[in-house]
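Listed below are the residues making up each chain.
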Amino acid sequence: MTAGIGHNAQVVSVNSLSQADKEFLKGVVKELDDSLTRIAAERDLQKEAIEEHNKQNDAEIAKRGAAALRAQGCELVNTECLTRQHQRFAGDDDARLADLHQIGTGSGQEIAMAIRGGYGLTRLLDRIDFAAIHQRARATNTIIVGHSDFTAFSLAYLAATGGVAFAGPMLCADFGPP
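As a starting point, this report considers the structure included with it. (Residues numbered from 1 in each chain as written. Predicted model: local features only at pLDDT ≥ 70, side-chain atom pairs only at ≥ 80, totals over all residues. Heavy atoms only, no water.)

### Here's the deal with the overall build of the protein
Stage number 1. Tallying secondary structure elements over the protein gives five helices and five strands in all.
Stage number 2. Listed by position from the N terminus, the elements making up the protein come as β-β-α-α-β-α-β-α-β-α.
Stage number 3. Evaluated residue by residue, the protein yields a buried proportion of 28% over its 178 residues.
Stage number 4. When contacts within the protein are restricted to residue pairs at least 6 apart in sequence, long-range pairs at least 24 apart make up 65% of them.
Stage number 5. Accessible area for the protein stands at about 11700 Å²; split by element, carbon and sulfur atoms hold 55% of it. (Helix = DSSP H or I, 4+ residues; strand = E, 2+ residues; numbered from the N terminus. Buried < 20%, exposed > 50% of the residue type's maximum accessible area, 1.4 Å probe, protein only. Contact = heavy atoms within 4.5 Å. Areas by Shrake-Rupley, 256 points an atom, 1.4 Å probe, with all protein chains shown as cover.)

### Examining the sheet that holds strand β3 (residues 111-113)
Stage number 1. Reading across from one edge, β3-β4-β5 is the order of the three strands in this open sheet, with parallel pairing throughout. The open sheet has two edge strands, β3 and β5 (166-167), and neither has a second partner.
Stage number 2. Relative to strand β4 (residues 143-146), β3 is paired through three bridges, and the arrangement is parallel. Residue pairing across strands places A112 opposite I144, the latter belonging to β4. (Pairing = 2+ DSSP bridges.)

### Considering the environment of C74
Stage number 1. When you line up the elements, C74 lands in the loop between α1 (19-71) and α2 (93-101).
Stage number 2. A relative accessible area of 36% means that C74 is categorised as partly exposed.
Stage number 3. Along the chain, C74 and E110 lie 36 residues apart, while their C-alpha atoms are 9.7 Å from each other.

### Description of the pattern of salt bridges
Stage number 1. Counted according to the given criterion, the structure contains eight salt bridges.
Stage number 2. Two residues, D99 and R84, come together in a salt bridge whose shortest N-O distance is 2.2 Å. Of the two residues, D99 sits in helix α2 while R84 sits in the loop between α1 and α2, which places them 15 residues apart along the sequence.
Stage number 3. Overall, D99 belongs to the buried group, its relative accessible area being 17%.
Stage number 4. The shortest N-O distance in the salt bridge between D93 and R123 comes to 3.0 Å. One end of the pair, D93, is in helix α2; the other, R123, is in the loop between β3 and α3 (130-140), with 30 residues separating them in the sequence.
Stage number 5. By relative accessible area, R123 is classed as partly exposed at 40%.
Stage number 6. The network of salt bridges with shared partners includes D93, R96 and R123. (Salt bridge = Lys/Arg side-chain N within 4 Å of Asp/Glu carboxyl O.)

Shown next, in the form of structure tokens:
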């Protein structure tokens, strides 16, 4: 067994060390192991706290954004998705896919606006019925808008149908901040 510390450390055979040095090294290794275990546990707790904080903040930001749009006379539909949560997404893949497939199903002159960005939409691209969305959006004059992660939808929508989606505001980013 050998031990070395540092970039250009001299490697020393543990067998050539005295018993006292071996015991000292065992203590150092145990302290390092305990420290790393404690750091990992603290990191996990911090991650959980951040995820919970973000989940609460997303819901609060979305509520403020919805209130801002209502104050401007907008009628909102599908508001249950504002607080829905599955892991780090706004619902499981099937729920988010159903949200996308609601685009253009209203009475007309609507704006389908992304709520927040991040990532995860690419998980859905191969399951989105772009042709049906395009047909409904054209028939109802629905404007599709968003940015960030929603760009994946916009570009796939354009490629699949020639349909236009605009890079523009999202509920949380542009209407929700205090």
